[in-house]
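# Examining the three-dimensional arrangement
Each chain, letter by letter, is given below.
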Amino acid sequence: MERKFENALNNMWDKLDGWLNTFVTNLPNLVLAIVVFIITILLSRYIKKLAYRLSNRSNLQESMKQLLSQIVAVVVILFGLFLVLGILNLGKALNTILAGAGVAGLAVGLALQGALANTYSGIILSYVKQIKFGDWIETNDYEGEIVDIDLRVVTIKQVDNNLVYIPNKLVVENPIKNYSTTAQSRVILKCGVGYSSDLELVRNIVKQTIVENFEAVEEKDDILFLYRDFGDSSIDFETRFWINSTSALEVAKAKTEAMILIKKAFDSNGINIPFPIRTLDLPKEVLEKLN
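Residues numbered from 1 in each chain as written. Predicted model: local features only at pLDDT ≥ 70, side-chain atom pairs only at ≥ 80, totals over all residues. Heavy atoms only, no water.

### A look at the overall build of the protein chain
Quick note on the threshold: Working definition: helices are DSSP H or I runs of at least four residues, strands are E runs of at least two. Numbering for both runs from the N terminus. Any residue under 20% of the maximum accessible area for its type is buried, any over 50% is exposed, and the rest in between are partly exposed; the area is computed with a 1.4 Å probe on protein chains only. Throughout, a residue-residue contact means that at least one pair of heavy atoms, one from each residue, lies within 4.5 Å. We get accessible surface area from the Shrake-Rupley algorithm with a probe of 1.4 Å; when it comes to residues, only the shown protein chains can shield them.
Summing up its helical and strand segments, the protein chain has eight helices and eight strands in all. Residues counted as buried form 27% of the 291 residues belonging to the protein chain. Across the protein chain, the fraction of contacts at a sequence separation of at least 24, relative to all contacts at a separation of at least 6, is 62%. In the form shown here, the protein chain has an accessible surface area of approximately 20,200 Å², with 59% of it arising from carbon and sulfur atoms.

### Topic: a nonpolar patch on the surface
The criterion, for reference: Patches in this entry comprise residues that are over 30% relatively accessible and not in a salt bridge; like charges within 9 Å are linked, as are nonpolar side chains (Val, Leu, Ile, Met, Phe, Trp, Tyr) within 5 Å. Each reported salt bridge corresponds to a side-chain nitrogen of Lys or Arg within 4 Å of a carboxyl oxygen of Asp or Glu.
A surface patch of nonpolar side chains, about 620 Å² in accessible area, is lined by Val-31, Val-35, Ile-39, Leu-43, Tyr-46, Leu-50 and Leu-54. Within the secondary structure, Tyr-46 sits in helix α1 (residues 2-55).

### Thoughts on unusual backbone geometry
Backbone geometry places Asp-141, a non-glycine residue, at a positive phi of 70 degrees. In this structure, Asp-141 sits in the loop between β1 (136-139) and β2 (142-149). Unusually for a residue other than glycine, Asn-161 sits at a positive phi of about 75 degrees. Within the secondary structure layout, Asn-161 lies in the loop between β3 (153-157) and β4 (163-167).

### Focus: the packing of helix α6 (residues 199-213) against helix α7 (residues 248-268)
Filter applied, for reference: Axis geometry follows a simple rule: fit a line to the C-alpha atoms, using only the stretch in contact for helices, then measure angles between N-to-C directions, giving values from 0 to 180 degrees. Angles are sorted into four bins: roughly parallel if under 35 degrees, roughly antiparallel if over 145, roughly perpendicular if 65 to 115, and oblique for all others. Each crossing gets its hand from how the near helix is turned against the far one by less than a right angle, where anticlockwise is left-handed and clockwise is right-handed.
The geometry of α6 relative to α7 is characterised by a closest axis approach of 10 Å and an angle of 135 degrees between their N-to-C directions. Regarding the angle of α6 to α7, the classification is oblique. Considering the relative orientation of α6 and α7, their crossing is right-handed. Residues Val-202, Ile-205, Val-206, Thr-209 and Asn-213 of α6 lie in contact with α7, whose contacting residues are Leu-261, Ile-262, Ala-265 and Phe-266.

### Considering the pairing of strand β7 (residues 224-230)
The condition that has to hold: Strand pairing follows a simple DSSP-based rule, namely that at least 2 bridges must link the two strands.
Pairing of β7 with strand β8 (residues 235-243) involves six bridges; the strand directions are antiparallel. Its bridge partner being in β8, Phe-225 is matched across the sheet by Thr-239. Connecting β7 to the antiparallel partner β8 that follows it, the hairpin turn spans four residues.

### Quick notes on the side chain of Thr-40
For Thr-40, the position within the fold is in helix α1. Classification of Thr-40 as buried rests on a relative accessible area of 7%. Sequence-distant contacts of Thr-40, defined by excluding residues within four places in its chain, comprise Val-76, Ile-77 and Gly-80.

### Quick look at α7
As a reminder, the rule being used: Each helix should span, by expectation, one fewer than its residue count multiplied by 1.5 Å. In this description, one arc is meant: the one made by directions from the helix axis to the C-beta atoms.
A rise of 1.5 Å per residue sets the reference length of α7, with its 21 residues, at 30 Å; its end C-alpha atoms lie 30 Å apart and thus fit the reference within 8%. Those residues of α7 that fall on the buried side of the exposure criterion are Ala-248, Val-251, Ala-254, Ala-258, Leu-261, Ile-262, Ala-265 and Phe-266. Each buried residue of α7 lies within a common arc of 140 degrees when the element is viewed along its axis, so the set occupies one face. Opposite the packed face of α7, turned more than 90 degrees from it, sit the exposed residues Lys-264 and Ser-268.

### Points about the environment of Asn-269
As a reminder of what qualifies: By the criterion applied in these results, polar contacts are pairs of N or O atoms within 3.5 Å in which, for protein atoms, one can donate a hydrogen and the other can accept it, and in which residues neighboring in sequence qualify only through two side-chain atoms.
The residue Asn-269 is located in the loop between α7 and α8 (284-290) in this model. The spatial distance from the C-alpha of Asn-269 to the C-alpha of Leu-201 is 9.2 Å, given a sequence separation of 68 residues. A distance of 2.8 Å separates a polar side-chain atom of Asn-269 from the backbone oxygen of Ala-265.

What follows is the structure in structure tokens.
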């Protein structure tokens with residue numbers, strides 16, 4: 001019994017001694033591998049910045065520049081990992097990893113279909129010249145300024161300064177309305193005047209007010225003025241004109257300014273903007289009782 005215990009103890013010490021000898025023998029390789037990995041990380045950051053600077057000389061979009069620099073950094077890190085495995089004499093492990101990468105890649109691809117679709121869509125959006133940082137767009141029932149495009153989402157800032165993160169896949173698959181593709185935006189203003197108003201005078205006042213206060217409108221013919229309906233309490237009209245801005249916020253400000261100026265002009269000329277009125281006809285018997 002004692003002899004078995006001694007044999008087991010000796011075997012344990014022999015294994016520990018072997019492990020220690022192996023560790024001491026491979027210690028220089030381990031230190032070298034750590035140094036190589038640290039250098040790889042630092043080098044990847046430097047090369048990422050260098051790739052971004054070089055891409056600035058091209059006509060690529062900002063999102064595409066960032067994407068390319070990130071890919072270059074990942075390639076450098078992977079190359080460094082292969083060097084580390086080689087220094088540690090883990091060539092067989094590397095072959096095993098590469099062999100299993102195919103099977104694992106298939107499984108991961110099936111599990112991450114949505115994420116991969118967003119990544120692929122992000123690459124597509126990076127190449128689309130009609131969508132870039134600073135554009136004011138409307139998509140998926142959201143409207144705002146594009147502040148970022150990465151491999152997962154498109155980030156837009158709304159008028160109320162809130163950020164909305166829309167998956168790239170939804171942006172690619174759904175219609176996009178880009179207000180920044182042209183240098184100007186159209187302001188549409190609807191209003192109504194009383195039935196006793198001179199309609200020609202109303203039209204002239206509205207056009208003159210817009211021409212005098214908005215630089216983009218040089219003459220009255222640049223303004224579209226249309227009478228729409230005989231409403232319940234007013235004759236409704238619609239006027240449209242252009243401003244030198246592609247921002248929805250600037251369009252809203254211009255519409256507000258136009259409403260204030262047109263109201264002042266109507267007040268100065270005795271033109272009434274009526275509100276809904278209802279007339280109740282009561283039988284004489286009811287009126288007599290009320291009296």
